[in-house]
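Close look at the chain arrangement
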Amino acid sequence: MAFETIIVEVEDHVALIRLNRPDALNALNTQLLSELCTALEEADANDKVRCVIVTGSEKAFAAGADIKEMSSMSFAEVFATNLFADPSDRLMKIRKPVIAAVAGYALGGGCELAMACDFIIAADTAKFGQPEINLGVIPGLGGTQRLTRFVGKSKSMEMNLTGRFMDAEEAERAGLVSRVVPAKKLMEEAQGTAQKIAEKSQPTVMAVKESVNRSYETTLNEGILFERRVFHSMFATEDQKEGMAAFMEKRQPQFRDK
Ligand SMILES: CC(C)(O)CC(=O)SCCNC(=O)CCNC(=O)[C@H](O)C(C)(C)COP(=O)(O)OP(=O)(O)OC[C@H]1O[C@@H](n2cnc3c(N)ncnc32)[C@H](O)[C@@H]1OP(=O)(O)O
(Lines give C-alpha, C1' and ligand atoms only; values in the text may rest on other atoms or scores of the structure.)
Protein backbone atom coordinates (compact mmCIF):
# COMPACT_ATOMS: atom_id res chain seq x y z
CA MET A 1 0.00 0.00 0.00
CA ALA A 2 1.19 3.58 -0.72
CA PHE A 3 1.46 5.80 2.35
CA GLU A 4 1.39 9.62 2.64
CA THR A 5 2.12 10.31 6.30
CA ILE A 6 4.65 7.59 7.01
CA ILE A 7 7.69 6.14 5.24
CA VAL A 8 8.33 2.40 5.34
CA GLU A 9 11.60 0.67 4.46
CA VAL A 10 12.42 -3.02 4.87
CA GLU A 11 16.10 -3.96 5.05
CA ASP A 12 17.87 -6.97 6.56
CA HIS A 13 14.66 -8.36 8.09
CA VAL A 14 13.87 -5.08 9.88
CA ALA A 15 10.93 -2.86 8.92
CA LEU A 16 11.57 0.81 9.66
CA ILE A 17 8.39 2.87 9.95
CA ARG A 18 9.04 6.62 10.08
CA LEU A 19 6.24 9.01 11.04
CA ASN A 20 6.38 11.80 8.48
CA ARG A 21 4.25 14.89 9.17
CA PRO A 22 7.13 17.34 9.71
CA ASP A 23 4.93 20.47 9.64
CA ALA A 24 2.86 19.22 12.57
CA LEU A 25 5.59 17.56 14.67
CA ASN A 26 4.11 14.18 13.62
CA ALA A 27 0.78 14.94 15.28
CA LEU A 28 -1.24 11.74 15.05
CA ASN A 29 -4.23 12.50 12.87
CA THR A 30 -6.68 9.84 11.66
CA GLN A 31 -4.75 9.22 8.45
CA LEU A 32 -1.36 8.82 10.17
CA LEU A 33 -2.74 6.47 12.83
CA SER A 34 -4.52 4.40 10.21
CA GLU A 35 -1.45 4.22 7.95
CA LEU A 36 0.77 3.33 10.92
CA CYS A 37 -1.53 0.47 11.95
CA THR A 38 -1.71 -0.81 8.37
CA ALA A 39 2.10 -0.67 8.01
CA LEU A 40 2.52 -2.56 11.29
CA GLU A 41 -0.01 -5.19 10.19
CA GLU A 42 1.76 -5.56 6.84
CA ALA A 43 5.13 -5.95 8.61
CA ASP A 44 3.58 -8.50 10.96
CA ALA A 45 2.33 -10.52 7.99
CA ASN A 46 5.55 -10.17 5.94
CA ASP A 47 7.77 -13.27 6.24
CA LYS A 48 10.86 -11.17 5.47
CA VAL A 49 10.29 -8.95 8.54
CA ARG A 50 11.48 -10.19 11.93
CA CYS A 51 11.52 -6.94 13.92
CA VAL A 52 9.99 -3.47 13.49
CA ILE A 53 11.24 -0.01 14.45
CA VAL A 54 8.85 2.94 14.75
CA THR A 55 10.49 6.35 14.76
CA GLY A 56 9.81 10.02 14.06
CA SER A 57 12.04 12.99 13.30
CA GLU A 58 14.92 14.57 15.20
CA LYS A 59 12.50 17.13 16.67
CA ALA A 60 9.51 14.92 17.40
CA PHE A 61 8.64 11.28 17.69
CA ALA A 62 5.06 12.59 17.85
CA ALA A 63 3.62 15.63 19.63
CA GLY A 64 0.38 13.84 20.39
CA ALA A 65 -2.97 13.35 18.76
CA ASP A 66 -3.87 16.04 16.24
CA ILE A 67 -5.44 18.75 18.38
CA LYS A 68 -6.67 20.68 15.33
CA GLU A 69 -8.54 17.60 14.09
CA MET A 70 -10.08 16.86 17.51
CA SER A 71 -10.88 20.38 18.70
CA SER A 72 -14.38 20.70 17.22
CA MET A 73 -15.55 17.16 17.92
CA SER A 74 -18.58 16.69 20.17
CA PHE A 75 -19.01 14.14 22.94
CA ALA A 76 -21.63 12.36 20.81
CA GLU A 77 -19.13 12.07 17.95
CA VAL A 78 -16.12 10.79 19.93
CA PHE A 79 -18.36 8.39 21.85
CA ALA A 80 -20.21 7.06 18.81
CA THR A 81 -17.03 6.60 16.75
CA ASN A 82 -15.18 5.26 19.80
CA LEU A 83 -12.28 7.62 19.06
CA PHE A 84 -8.85 5.90 19.33
CA ALA A 85 -10.32 2.45 20.07
CA ASP A 86 -9.41 1.17 16.61
CA PRO A 87 -5.67 2.10 16.62
CA SER A 88 -5.38 1.04 20.26
CA ASP A 89 -6.81 -2.43 19.49
CA ARG A 90 -4.81 -2.82 16.28
CA LEU A 91 -1.49 -1.88 17.96
CA MET A 92 -2.04 -4.49 20.65
CA LYS A 93 -2.51 -7.27 18.09
CA ILE A 94 0.98 -6.97 16.53
CA ARG A 95 2.92 -10.14 17.38
CA LYS A 96 6.40 -9.27 16.12
CA PRO A 97 8.62 -7.13 18.34
CA VAL A 98 8.26 -3.37 17.85
CA ILE A 99 10.93 -0.95 19.07
CA ALA A 100 10.15 2.76 19.50
CA ALA A 101 13.20 4.87 18.63
CA VAL A 102 12.36 8.23 20.19
CA ALA A 103 14.06 11.59 19.61
CA GLY A 104 12.53 14.94 20.58
CA TYR A 105 8.94 15.25 21.73
CA ALA A 106 6.91 12.16 22.63
CA LEU A 107 3.85 13.85 24.11
CA GLY A 108 0.27 12.76 24.73
CA GLY A 109 -0.56 10.21 22.04
CA GLY A 110 3.14 10.22 21.06
CA CYS A 111 4.17 9.05 24.52
CA GLU A 112 1.27 6.59 24.48
CA LEU A 113 2.34 5.22 21.09
CA ALA A 114 5.93 4.77 22.31
CA MET A 115 4.65 2.95 25.41
CA ALA A 116 2.46 0.69 23.26
CA CYS A 117 5.60 -0.50 21.47
CA ASP A 118 7.58 -3.31 23.13
CA PHE A 119 10.38 -1.11 24.38
CA ILE A 120 11.75 2.37 23.93
CA ILE A 121 15.28 3.41 22.98
CA ALA A 122 15.56 7.14 23.56
CA ALA A 123 17.89 9.79 22.16
CA ASP A 124 19.32 12.15 24.77
CA THR A 125 17.03 14.81 23.22
CA ALA A 126 13.81 12.90 24.01
CA LYS A 127 11.07 14.51 26.08
CA PHE A 128 8.13 12.50 27.33
CA GLY A 129 4.88 13.85 28.73
CA GLN A 130 1.12 13.56 29.05
CA PRO A 131 0.09 17.21 28.69
CA GLU A 132 -3.59 16.44 27.91
CA ILE A 133 -4.54 18.13 31.21
CA ASN A 134 -3.60 21.46 29.61
CA LEU A 135 -6.19 20.83 26.88
CA GLY A 136 -8.99 20.06 29.33
CA VAL A 137 -8.95 16.31 28.64
CA ILE A 138 -7.26 13.20 29.98
CA PRO A 139 -5.14 10.76 27.93
CA GLY A 140 -7.17 8.45 25.69
CA LEU A 141 -4.59 6.02 24.35
CA GLY A 142 -3.30 4.51 27.59
CA GLY A 143 -1.41 7.41 29.22
CA THR A 144 -2.93 7.04 32.70
CA GLN A 145 -2.64 3.23 32.54
CA ARG A 146 0.65 2.38 30.85
CA LEU A 147 2.65 5.28 32.30
CA THR A 148 1.59 4.20 35.80
CA ARG A 149 2.79 0.66 35.12
CA PHE A 150 6.11 1.96 33.75
CA VAL A 151 7.01 4.62 36.32
CA GLY A 152 4.72 3.97 39.31
CA LYS A 153 1.79 5.90 40.73
CA SER A 154 3.59 8.92 42.14
CA LYS A 155 5.45 9.98 38.99
CA SER A 156 2.56 9.04 36.69
CA MET A 157 0.12 11.02 38.80
CA GLU A 158 2.44 14.03 38.81
CA MET A 159 3.05 13.87 35.05
CA ASN A 160 -0.64 13.42 34.23
CA LEU A 161 -1.81 16.09 36.70
CA THR A 162 0.76 18.77 35.81
CA GLY A 163 1.57 17.99 32.17
CA ARG A 164 5.28 18.26 33.03
CA PHE A 165 7.74 16.83 30.49
CA MET A 166 10.33 14.21 31.54
CA ASP A 167 13.74 14.30 29.87
CA ALA A 168 15.50 11.17 28.60
CA GLU A 169 17.72 10.77 31.65
CA GLU A 170 14.77 10.90 34.05
CA ALA A 171 12.80 8.55 31.78
CA GLU A 172 15.61 6.00 31.94
CA ARG A 173 15.91 6.31 35.72
CA ALA A 174 12.16 5.85 36.05
CA GLY A 175 12.09 2.74 33.83
CA LEU A 176 10.11 4.28 30.98
CA VAL A 177 12.90 3.70 28.44
CA SER A 178 15.30 0.79 28.17
CA ARG A 179 18.28 3.02 27.42
CA VAL A 180 19.40 6.46 26.30
CA VAL A 181 21.86 7.01 23.47
CA PRO A 182 23.34 10.13 21.83
CA ALA A 183 20.83 11.52 19.30
CA LYS A 184 23.25 11.00 16.39
CA LYS A 185 23.48 7.29 17.23
CA LEU A 186 19.77 6.65 17.80
CA MET A 187 19.00 4.88 14.54
CA GLU A 188 22.27 2.94 14.52
CA GLU A 189 21.54 1.66 18.03
CA ALA A 190 17.90 0.86 17.23
CA GLN A 191 18.91 -0.98 14.03
CA GLY A 192 21.63 -2.91 15.88
CA THR A 193 19.16 -3.96 18.57
CA ALA A 194 16.56 -4.94 15.96
CA GLN A 195 19.20 -7.00 14.12
CA LYS A 196 20.05 -8.88 17.31
CA ILE A 197 16.37 -9.75 17.78
CA ALA A 198 16.00 -10.66 14.08
CA GLU A 199 18.72 -13.30 14.49
CA LYS A 200 16.79 -15.19 17.18
CA SER A 201 14.24 -17.94 16.62
CA GLN A 202 11.02 -16.18 15.67
CA PRO A 203 8.60 -18.47 17.56
CA THR A 204 10.74 -17.94 20.66
CA VAL A 205 10.75 -14.16 20.17
CA MET A 206 6.97 -14.15 19.85
CA ALA A 207 6.63 -16.33 22.95
CA VAL A 208 8.78 -13.89 24.94
CA LYS A 209 6.64 -10.96 23.78
CA GLU A 210 3.41 -12.74 24.67
CA SER A 211 4.72 -13.83 28.08
CA VAL A 212 6.07 -10.41 29.09
CA ASN A 213 2.81 -8.77 27.99
CA ARG A 214 0.84 -11.34 29.97
CA SER A 215 2.47 -9.98 33.13
CA TYR A 216 0.39 -6.81 32.68
CA GLU A 217 -2.88 -8.68 32.37
CA THR A 218 -2.86 -11.25 35.14
CA THR A 219 -1.83 -12.16 38.69
CA LEU A 220 1.77 -13.20 39.41
CA ASN A 221 0.72 -16.81 39.99
CA GLU A 222 -1.24 -17.02 36.74
CA GLY A 223 1.61 -15.31 34.90
CA ILE A 224 4.22 -17.73 36.23
CA LEU A 225 1.99 -20.67 35.24
CA PHE A 226 1.47 -19.21 31.76
CA GLU A 227 5.23 -18.67 31.37
CA ARG A 228 6.02 -22.24 32.47
CA ARG A 229 3.51 -23.75 30.02
CA VAL A 230 4.92 -21.66 27.16
CA PHE A 231 8.44 -22.67 28.24
CA HIS A 232 7.40 -26.35 28.14
CA SER A 233 5.90 -25.89 24.66
CA MET A 234 9.23 -24.58 23.32
CA PHE A 235 10.59 -28.13 23.67
CA ALA A 236 8.35 -29.08 20.74
CA THR A 237 10.39 -26.81 18.45
CA GLU A 238 13.45 -27.69 16.37
CA ASP A 239 14.96 -24.37 17.44
CA GLN A 240 15.12 -25.53 21.08
CA LYS A 241 17.09 -28.62 19.97
CA GLU A 242 19.35 -26.48 17.77
CA GLY A 243 19.87 -23.76 20.40
CA MET A 244 20.91 -26.20 23.11
CA ALA A 245 23.01 -28.35 20.74
CA ALA A 246 24.81 -25.23 19.51
CA PHE A 247 25.65 -24.28 23.10
CA MET A 248 27.12 -27.71 23.81
CA GLU A 249 29.02 -27.79 20.50
CA LYS A 250 30.37 -24.26 21.21
CA ARG A 251 29.02 -22.75 17.96
CA GLN A 252 26.43 -20.17 16.93
CA PRO A 253 22.87 -21.58 16.58
CA GLN A 254 21.26 -21.75 13.14
CA PHE A 255 17.60 -21.14 13.93
CA ARG A 256 15.01 -22.17 11.33
CA ASP A 257 11.86 -20.81 13.01
CA LYS A 258 10.56 -24.34 13.41
C1 LIG B 1 -4.15 10.78 22.26
C2 LIG B 1 -4.76 11.53 23.42
C3 LIG B 1 -6.19 11.14 23.55
O4 LIG B 1 -4.15 11.08 24.60
C5 LIG B 1 -4.72 13.02 23.30
C6 LIG B 1 -3.52 13.79 22.86
O7 LIG B 1 -2.48 13.32 22.46
S8 LIG B 1 -3.76 15.47 22.93
C9 LIG B 1 -2.23 16.16 22.38
C10 LIG B 1 -1.19 16.18 23.43
N11 LIG B 1 -0.04 16.94 22.96
C12 LIG B 1 0.15 18.22 23.23
O13 LIG B 1 -0.62 18.87 23.89
C14 LIG B 1 1.40 18.86 22.63
C15 LIG B 1 1.02 20.00 21.68
N16 LIG B 1 2.20 20.65 21.14
C17 LIG B 1 2.97 21.50 21.82
O18 LIG B 1 2.76 21.76 23.00
C19 LIG B 1 4.10 22.15 21.10
O20 LIG B 1 3.85 22.05 19.71
C21 LIG B 1 5.47 21.55 21.40
C22 LIG B 1 5.88 21.88 22.84
C23 LIG B 1 5.49 20.05 21.20
C24 LIG B 1 6.54 22.16 20.44
O25 LIG B 1 6.50 23.56 20.48
P26 LIG B 1 7.21 24.41 19.34
O27 LIG B 1 8.60 23.92 19.12
O28 LIG B 1 7.03 25.85 19.72
O29 LIG B 1 6.43 24.07 17.99
P30 LIG B 1 4.97 24.57 17.57
O31 LIG B 1 5.11 25.85 16.78
O32 LIG B 1 4.05 24.57 18.73
O33 LIG B 1 4.51 23.38 16.60
C34 LIG B 1 4.92 23.30 15.23
C35 LIG B 1 3.69 22.97 14.41
O36 LIG B 1 3.16 21.73 14.83
C37 LIG B 1 1.81 21.86 15.22
N38 LIG B 1 1.49 20.91 16.30
C39 LIG B 1 2.27 20.57 17.34
N40 LIG B 1 1.67 19.67 18.11
C41 LIG B 1 0.47 19.44 17.55
C42 LIG B 1 -0.63 18.60 17.88
N43 LIG B 1 -0.60 17.77 18.95
N44 LIG B 1 -1.71 18.63 17.10
C45 LIG B 1 -1.76 19.41 15.99
N46 LIG B 1 -0.74 20.22 15.61
C47 LIG B 1 0.35 20.22 16.39
C48 LIG B 1 1.71 23.30 15.69
O49 LIG B 1 0.37 23.74 15.69
C50 LIG B 1 2.57 24.00 14.65
O51 LIG B 1 1.88 24.12 13.43
P52 LIG B 1 1.31 25.56 12.93
O53 LIG B 1 0.22 25.90 13.89
O54 LIG B 1 2.47 26.49 12.99
O55 LIG B 1 0.80 25.29 11.55
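For the protein, the name recorded in an unreviewed UniProt entry is enoyl-CoA hydratase, with Pukyongiella litopenaei as its organism. Taken verbatim from the UniProt record of the protein, the Sequence similarities (unreviewed entry) comment is "Belongs to the enoyl-CoA hydratase/isomerase family." As recorded by UniProt, the Function (unreviewed entry) comment attached to the protein reads in full: "Could possibly oxidize fatty acids using specific components."

Turning our eyes to something else, we now look at the site of the ligand. Surrounding the ligand, one finds 23 residues, the nearest of these being Lys59, Ala65, Gly109, Glu112 and Glu132. Ile67 has a polar backbone atom sitting 2.9 Å from a nitrogen atom of the ligand. At 3.1 Å from an oxygen atom of the ligand is found a main-chain nitrogen or oxygen belonging to Gly140. At the level of elements, α2 (67-70), β6 (105-107) and α5 (109-116) are the ones that each hand at least two residues to the shell around the ligand. Sorting elements by how many residues they give to the shell around the ligand places α2 first, with three residues. Classifying every residue of the shell around the ligand gives 13 nonpolar, four polar and six charged.

Tallying each qualifying case throughout the model produces three aromatic pairs. Judged by centre distance (5.3 Å) and plane angle (25 degrees), the ring pair of Phe75 and Phe79 falls under stacked. In this pair, Phe75 and Phe79 both sit in helix α3 (residues 75-80), four residues apart, roughly one turn of the helix. Taking the relative accessible area as the measure of exposure, Phe75 reaches 63% and is therefore exposed. For Phe79, a relative accessible area of 61% translates into the label exposed. Taking 5.3 Å as the distance between ring centres and 80 degrees as the angle between the ring planes, the aromatic pair formed by Phe231 and Phe235 counts as edge-to-face.

The next thing to look at is the sheet that holds strand β5 (residues 98-102). Spatially, the six strands line up as an open sheet ordered β1-β2-β3-β5-β7-β10, and their pairing is mixed. The sheet terminates laterally at β1 (6-11) and β10 (179-181), the two strands that pair on one side only. Shown here is a sheet whose adjacent strand axes are inclined to one another by a mean of 20 degrees, direction ignored. The pairing of β5 with strand β7 (residues 119-123) spans four bridges and is classified as parallel. Within the sheet, the bridge partner assigned to Ala100 lies in β7 and is Ile120.

The subject of this paragraph is the sheet that holds strand β9 (residues 166-167). The pairing of strands in a sheet comes from backbone hydrogen bonds and takes either a parallel or an antiparallel form. Taken in spatial order, the four strands line up as β4-β6-β8-β9 in an open sheet, and their pairing is mixed. Edge positions in the sheet fall to β4 (60-62) and β9, since each has one partner strand and no second. The pairing of strand β8 (residues 127-129) with β9 spans two bridges and is antiparallel. Bridging across to β9, Lys127 finds its partner in Asp167. Packing of α5 onto the sheet brings it into contact with β4, β6 and β8, and relative to β6 it is tilted by some 90 degrees.

Rules used in this analysis
Residues numbered from 1 in each chain as written. Predicted model: local features only at pLDDT ≥ 70, side-chain atom pairs only at ≥ 80, totals over all residues. Heavy atoms only, no water. UniProt positions renumbered as here; feature names shortened; annotations may be inferred. Near = heavy atom within 4 Å. Polar contact = N/O pair within 3.5 Å; in protein donor to acceptor, adjacent residues only side chain to side chain. Helix = DSSP H or I, 4+ residues; strand = E, 2+ residues; numbered from the N terminus. Nonpolar A, V, L, I, M, F, W, Y, C, P; charged D, E, K, R; others polar. Phe/Tyr/Trp six-rings, centres within 6.5 Å; stacked < 30°, edge-to-face > 60°. Buried < 20%, exposed > 50% of the residue type's maximum accessible area, 1.4 Å probe, protein only. Pairing = 2+ DSSP bridges. Axes fitted to C-alpha atoms, helices over the stretch in contact; angles between N-to-C directions. Contact = heavy atoms within 4.5 Å.

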